[in-house]
Amino acid sequence: ALMITATSNSGDPESFAYSTARERWPKILSSAIDEIASTISGHNGLSKEDVEAGRAIQAKLTSLKTSMLGNAVLEPIPRDGRPDTEAYNEEFKTFKDLKWLAAPWLYTECYMYRLIHTYFTLSTPFWHSFDLFATSKRSSLIGSKKGTIELVKRFRAVLQTIAEKQAVDEETQKAIFEEMVQISLWGNATDLALLTSLSVEELNSRQGKAVRDSNKENIVVDDTEQVWSLLSRLRSLGSPRDMHIVLDNAGFELLTDLVLAGYLIESGYAKKIVLHGKRMPWFVSDVNPEDLKYLIEGFANGTIYEDIKSPDKEELQEAGKYWRGLIQSGKMEFRAELFWTTQHPFGRMPVVEPALFEDLADADLVVYKGDLNYRKLTYDGMWPHSTPFSEALGPLAKKHGGQGVRSLVLRTAKADVCVGLKPGQDANFEEGWTRHGKYAMVSYWDAKP
Ligand code: F6P
Ligand code: MG
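As the structure is a prediction and not an experimental result, all values here were calculated from the model.

Basis of the calculations
Residues numbered from 1 in each chain as written. Chains lettered and ligands numbered in written order. Predicted model: local features only at pLDDT ≥ 70, side-chain atom pairs only at ≥ 80, totals over all residues. Heavy atoms only, no water. Donors = N, O, S within 2.8 Å, 3.2 Å for Na, K, Ca; no water. Buried < 20%, exposed > 50% of the residue type's maximum accessible area, 1.4 Å probe, protein only. Salt bridge = Lys/Arg side-chain N within 4 Å of Asp/Glu carboxyl O. Near = heavy atom within 4 Å. Polar contact = N/O pair within 3.5 Å; in protein donor to acceptor, adjacent residues only side chain to side chain. Areas by Shrake-Rupley, 256 points an atom, 1.4 Å probe, with all protein chains shown as cover. Helix = DSSP H or I, 4+ residues; strand = E, 2+ residues; numbered from the N terminus. Pairing = 2+ DSSP bridges. Axes fitted to C-alpha atoms, helices over the stretch in contact; angles between N-to-C directions. Lys, Arg positive; Asp, Glu negative; His and termini not counted. Contact = heavy atoms within 4.5 Å. Arc of directions from axis to C-beta. Core = buried A, V, L, I, M, F, W, Y, C linked by side-chain atoms within 4.5 Å. Phe/Tyr/Trp six-rings, centres within 6.5 Å; stacked < 30°, edge-to-face > 60°. Lys NZ or Arg CZ within 6 Å of the ring centre and 35° of its normal. pLDDT = per-residue confidence, 0-100.

Peer 1: Pulling in residues and values, what's your account of the coordination of the magnesium ion (ligand 2)?
Peer 2: The reference angle at a metal is 109.5 degrees if four donors form a tetrahedron and 90 or 180 degrees if six donors form an octahedron. Coordination of the magnesium ion (ligand 2) by the protein comes from Asp248 (OD), Asn249 (OD1) and Asp286 (OD), over a distance range of 2.1 to 2.2 Å. Counting the intervening residues between successive donors of the magnesium ion (ligand 2) yields the motif D-N-x36-D. With relative accessibility at 6%, the residue Asp248 sits in the buried group. Overall, Asn249 belongs to the buried group, its relative accessible area being 3%.

Here it is as structure tokens:
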């Protein structure tokens, strides 16, 4: 059986969970209350019943915040007609008196977002599909205009190079691949879940090519080479299959993932890209179906950036139409399985979600984006940082029914967990270095037969 070590816990002063539960979660609840207030005041079409329902949700959020700050005991999640509440409540039974300020971080943080979702699913229809974080996700994309234009121009230039089938020598192809990986990897650094206080300028400063090049030494685990040899092997086989991208955040990061998707398809590495997002508002910035539509349609129709001039405007429209075309032609698909918004570490997938596991195992490569996915891949364990990635993966590093998943995770570290370092490498970093999105991991494991 997997030797799972202790996991990050909000009762442990050494863990980032400690301040997250005491400071960041209450802040997120306060912004949620404010978001409802501005929706009620700004939305003249709201019925009296919906206004009252909104106020009732605010009251639930306020009492949740009070319970959290008061280190109250958690309750089972109310049933709201969705099957996934049972996933939480089954595991809930295994805990004894779970308290907000002394609880396993991964379970409790996922539980919090799923509990909040019941405040809306159990309310009036207007609130059922309300996304607390839609406004902030949209403004983060709008605030990323400079990085967005630079990235889209680069993307279209890369597609041009690929399309012209220029005898793009191996060296250039490899350089483009490495650039695409870094673009998607660092796209994860500019996410709202952590950087609630960044100004537009600071947000932009994290998104340019120059900053990516300067960040290279901050990639503390880098399996890019192994992935390149996989792609070269696949290319020589000449029969591309599906590749999956388990998304993280909306906005600029989603744009970087659409760039990666287009690159993998147009280079002939993937026949089809399956994007996996979330079916409910999740960890402040994660991609819901609406967020994907907002970006692609907004680009294609030129409705996201007002003051944008030609040819940038046309570049974005062409990019939007390209991604819209991938979806219409079935070369790209978005799915939001409930599994991704449960609390489950991914090693449980072969048992709790075998159909999804087989889907991923059937693909040539599964790319997971971001910190939460990394935490779920590694059970959010307090592993020694030199623990091999495959050990932390547990069951996902193995075959099941003769099938195995090829996993690549692109993560900027925003929590405690970190594995795959060389012995002693840890000593080079400052206190709390895994917490603020500054350092990154490109970790790969091939479990295929
Ligand atoms: O550290 C703050 C935090 O909420 C983590 O709990 C969570 O894993 C992370 O931010 C979300 O980051 P990402 O969007 O990269 O998964
Ligand atoms: Mg996220």
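Peer 1: Account for the pattern of salt bridges, naming residues and giving values.
Peer 2: Enumeration according to the criterion identifies 31 salt bridges in this entry. Notably, a salt bridge pairs Arg79 with Glu86, separated by 3.7 Å at the nearest N-O pair. By relative accessible area, Arg79 is classed as exposed at 64%. One salt-bridge network, in which partners are shared between bridges, spans Arg24, Glu109, Arg375 and Asp380.

Peer 1: Requested: an account of the site of ligand 1, with residues and values cited.
Peer 2: Inspection of the region around ligand 1 gives 16 residues, with Arg24, Glu109, Asp248, Asp371 and Lys414 positioned closest. Separating an oxygen atom of ligand 1 from a side-chain N or O atom of Arg375 is a distance of 2.8 Å. Relative to its unbound accessible surface of 390 Å², ligand 1 loses 100% to contact with the protein. When residues of the shell around ligand 1 are traced back to their parent elements, those giving at least two are helix H1 (16-42), helix H4 (105-121) and helix H17 (371-377). With 3 residues, H17 is the single largest residue contributor to the shell around ligand 1.

Peer 1: Which residues make up the sheet that holds strand S1 (residues 219-222), and what values do they have?
Peer 2: One open sheet holds the 7 strands; their spatial order is S1-S7-S6-S5-S2-S3-S4, and the pairing between them is mixed. Only two strands of the sheet have a single neighbouring strand rather than two, namely S1 and strand S4 (332-335). Sheet twist, expressed as the average angle between the axes of neighbouring strands with direction ignored, equals 15°. Here strand S3 (residues 270-276) pairs with S4 via 4 bridges, running parallel. Counted as the bridge partner of His276 is Arg335 from S4.

Peer 1: Describe the pairing of strand S7 (residues 440-446), naming the residues involved and giving the relevant values.
Peer 2: The buried count for S7 comes to 5 of 7 residues, which makes it a mostly enclosed element. As judged from the 3 bridges shared by S1 and S7, these two strands associate in the parallel manner. Note that in S7 the partner of Val221 across the bridge is Met441. Here 7 bridges tie strand S6 (residues 406-412) to S7, and the two strands are oriented antiparallel to one another. For Leu408, the partnering residue across the bridge sits in S7 and is Tyr444.

Peer 1: Can you lay out the side chain of Glu35 for me, pointing to particular residues and giving the numbers?
Peer 2: Relative to the elements of secondary structure, Glu35 occurs in helix H1. Within the buried core, Glu35 has no salt-bridge partner, and the shortest N-O distance to an opposite charge, that of Arg138, equals 9.4 Å. Separated by 2.7 Å, the side chains of Glu35 and Thr135 make a polar contact. Leave out the neighbours within four places in its chain, and Glu35 touches Phe130, Leu132 and Thr135.

Peer 1: Give a detailed account of helix H16 (residues 354-362), specifying residues and quantitative values.
Peer 2: Taken together, the buried positions of H16 are occupied by Leu356, Phe357, Leu360 and Ala361. In a view along the axis of H16, the buried residues occupy a sector of 135°, so they form one face of it. Buried residues along H16 sit against strand S2 (241-246), S3, helix H15 (349-352) and strand S5 (365-369).

Peer 1: Tell me about the pairing of S6, residues and numbers included.
Peer 2: Counting buried positions along S6 gives 7 out of 7 residues, so the element sits mostly inside the fold. Burial of the side chains of S6 extends over both faces: Arg406, Leu408, Leu410 and Thr412 are buried on one face and Ser407, Val409 and Arg411 on the other. The pairing of S5 with S6 spans 4 bridges and is classified as parallel. In the sheet register, Val367 faces S6, and the bridge partner there is Leu408.

Peer 1: So what's going on with the nonpolar core? Which residues, and what values?
Peer 2: As a rule of thumb, soluble globular proteins bury nonpolar side chains together. Ranked by internal contacts, the top residues of the largest apolar core, which has 62 residues, are Met243, Leu258, Tyr263, Ile273, Phe299, Trp323 and Met332. Excluding its chain neighbours within four sequence positions, the residues that come into contact with Leu258 are Phe155, Leu275, Leu292, Leu295, Ile296, Trp323 and Met332. Core analysis: the next-biggest nonpolar cluster, separate from the first, contains 45 residues, Ala53, Tyr88, Leu98 and Leu115 among them.

Peer 1: Before we move on, can you summarise the packing of aromatic side chains with the specific residues and values?
Peer 2: Inspection of every chain in the model, using the stated rule, returns 30 aromatic pairs. A connected cluster of aromatic rings, assembled from ring pairs, spans Trp25, Tyr88, Phe92, Phe95, Trp100, Tyr107 and Tyr111. One cation-aromatic arrangement involves Arg22 over Tyr18; the distance from NZ or CZ to the ring centre is 3.5 Å. A cation over an aromatic ring shows up here: Arg375 above the ring of Trp105, its NZ or CZ 3.9 Å from the ring centre.

Peer 1: Give me the confidence of the model for the protein: which residues, what numbers.
Peer 2: In the predicted model, the protein carries a mean pLDDT of 94, and 95% of its residues have values of at least 70. For this predicted complex, the interface score ipTM comes out at 0.96, while the overall pTM is 0.96.

Peer 1: Describe the environment of Leu255, naming the residues involved and giving the relevant values.
Peer 2: Counting through the fold element by element, Leu255 comes out in helix H12 (residues 252-266). Judged by relative accessible area, Leu255 falls into the buried class, the value being 0%. Spatially, the C-alpha atom of Leu255 lies 8.9 Å from that of Leu141, the residues being 114 residues apart in sequence. Ignoring sequence-local partners within four residues, the contact set of Leu255 consists of Thr148, Leu151, Val152, Leu295, Phe299 and Trp323.

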